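Residues per chain are reported as follows:
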Amino acid sequence: TAQEAVPFPWPFTAANMAMLIDQLMGAPYEWGGMYGGRDCSLLTRELFQTIGMFLPTNSAWQLGFGTVYQLDGMTPDEKIRFIKNKAIPFRTLVGFPGHVALYLGEWDNDPAIVHCIWGLRTKQGDRDGRLLIGKVAITSLNPGMEWEDVRAGAPLLRRLKTMTVLP
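Residues numbered from 1 in each chain as written. Predicted model: local features only at pLDDT ≥ 70, side-chain atom pairs only at ≥ 80, totals over all residues. Heavy atoms only, no water.

Caption draft 1: View of the side chain of Arg38. Mapped onto the elements of the fold, Arg38 is located in the loop between helix 1 (14-24) and helix 2 (40-50). A polar atom in the side chain of Arg38 sits 2.7 Å from the side chain of Glu46. (Helix = DSSP H or I, 4+ residues; strand = E, 2+ residues; numbered from the N terminus. Polar contact = N/O pair within 3.5 Å; in protein donor to acceptor, adjacent residues only side chain to side chain.)

Below, the structure written as structure tokens:
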């Protein structure tokens, strides 16, 4: 209806971004956007298209799109401090080759991100595995750390290599 229509692009505001994210929460993960779902880079692309910013199609290209900061070589604590000091909520991407997430700000003094995530790497003894999530979710930079198998795997924070502040 005419009352539901809004001009395009939407103004970039935290409220508009939060509304978009809320509408996508729990949407299923589908690699490459197959079967009507989305993956991490399609999620960030869709969010920013609505405000008139057109991101590249894959996570590696998206992480090189704005002002890029290398996190590789930092300890997990250094990464958290850096992100808290330099990231702009709803305008900063964090990730590594193959995964990208949008920084939302701090929750309970921890950086919070939204991403469409398939799963978390796990390790039981010498066996690698996955803790499946398979949807759009808001997490910390250390999702799943309450599980010993995730801590032994490859925690997300340890794998972060890049932070990008979008124009």
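Now that the structure has been shown, we can carry on.
Caption draft 2: Region of the structure containing unusual backbone geometry. Not every positive phi belongs to a glycine, and Asp108 is a case in point at roughly 55°. The topology assignment puts Asp108 in the loop between strand 3 (99-107) and strand 4 (110-124).

Caption draft 3: Highlighting the nonpolar core. Ranked by size, the top nonpolar core spans 25 residues in total, and within it Met17, Leu47, Phe48, Leu93 and Leu102 carry the most contacts. When residues of this core are traced back to their parent elements, those giving at least two are helix 1, helix 2, strand 3 and strand 4. Discounting residues that sit within four places of it in the chain, Phe48 has contacts with Phe12, Met17, Met53, Leu55, Phe90, Arg91, Leu93, Leu102 and Leu166. Counting residues in hydrophobic clusters, the runner-up holds 15 residues, among them Leu71, Ala87, Ala101 and Tyr103. (Core = buried A, V, L, I, M, F, W, Y, C linked by side-chain atoms within 4.5 Å. Buried < 20%, exposed > 50% of the residue type's maximum accessible area, 1.4 Å probe, protein only. Contact = heavy atoms within 4.5 Å.)

Caption draft 4: How the structure looks around the packing of aromatic side chains. Evaluation of the coordinates by the stated rule reveals two aromatic pairs. Between Tyr29 and Trp118, the ring centres sit 5.6 Å apart and the planes meet at 45°, which makes this aromatic pair tilted. Highlighted residues: Tyr29 in the loop between helix 1 and helix 2 and Trp118 in strand 4, separated in sequence by 89 residues. A relative accessible area of 17% means that Tyr29 is categorised as buried. In this structure Trp118 comes out as partly exposed when scored by relative accessible area, which is 42%. Ring geometry for Tyr69 versus Phe82: centroids 5.4 Å apart, planes at 65°, classification edge-to-face. Of this pair, Tyr69 sits in strand 1 (residues 67-70) while Phe82 sits in helix 4 (residues 76-86); the two residues are 13 residues apart in sequence, bridging distant segments of the chain. Its guanidinium or amino end placed over the ring of Phe12, Arg91 lies 4.3 Å from that ring's centre, counting from NZ or CZ. (Phe/Tyr/Trp six-rings, centres within 6.5 Å; stacked < 30°, edge-to-face > 60°. Lys NZ or Arg CZ within 6 Å of the ring centre and 35° of its normal.)

Caption draft 5: Highlighting the sheet that holds strand 5 (residues 127-140). Spatially, the six strands line up as an open sheet ordered 1-6-2-3-4-5, and their pairing is antiparallel. Where the open sheet ends on each side, the last strands, each with one partner, are strand 1 and strand 5. Sheet twist, expressed as the mean angle between neighbouring strand axes with direction ignored, is 30°. Sheet topology places strand 2 (residues 92-96) next to strand 6 (residues 162-165); four bridges connect them, and they run antiparallel. (Pairing = 2+ DSSP bridges. Axes fitted to C-alpha atoms, helices over the stretch in contact; angles between N-to-C directions.)

Caption draft 6: Structural detail: helix 1. Taken together, the buried positions of helix 1 are Asn16, Met17, Leu20, Ile21 and Leu24. Take helix 1 and look down its axis: the buried residues cluster within an arc of 135°, on one side only. Among the exposed residues of helix 1, those oriented more than 90 degrees off its buried face are Ala15, Asp22 and Gln23. Residues of helix 1 that are buried in the fold lie against helix 2, strand 3, strand 4 and strand 5. (Arc of directions from axis to C-beta.)

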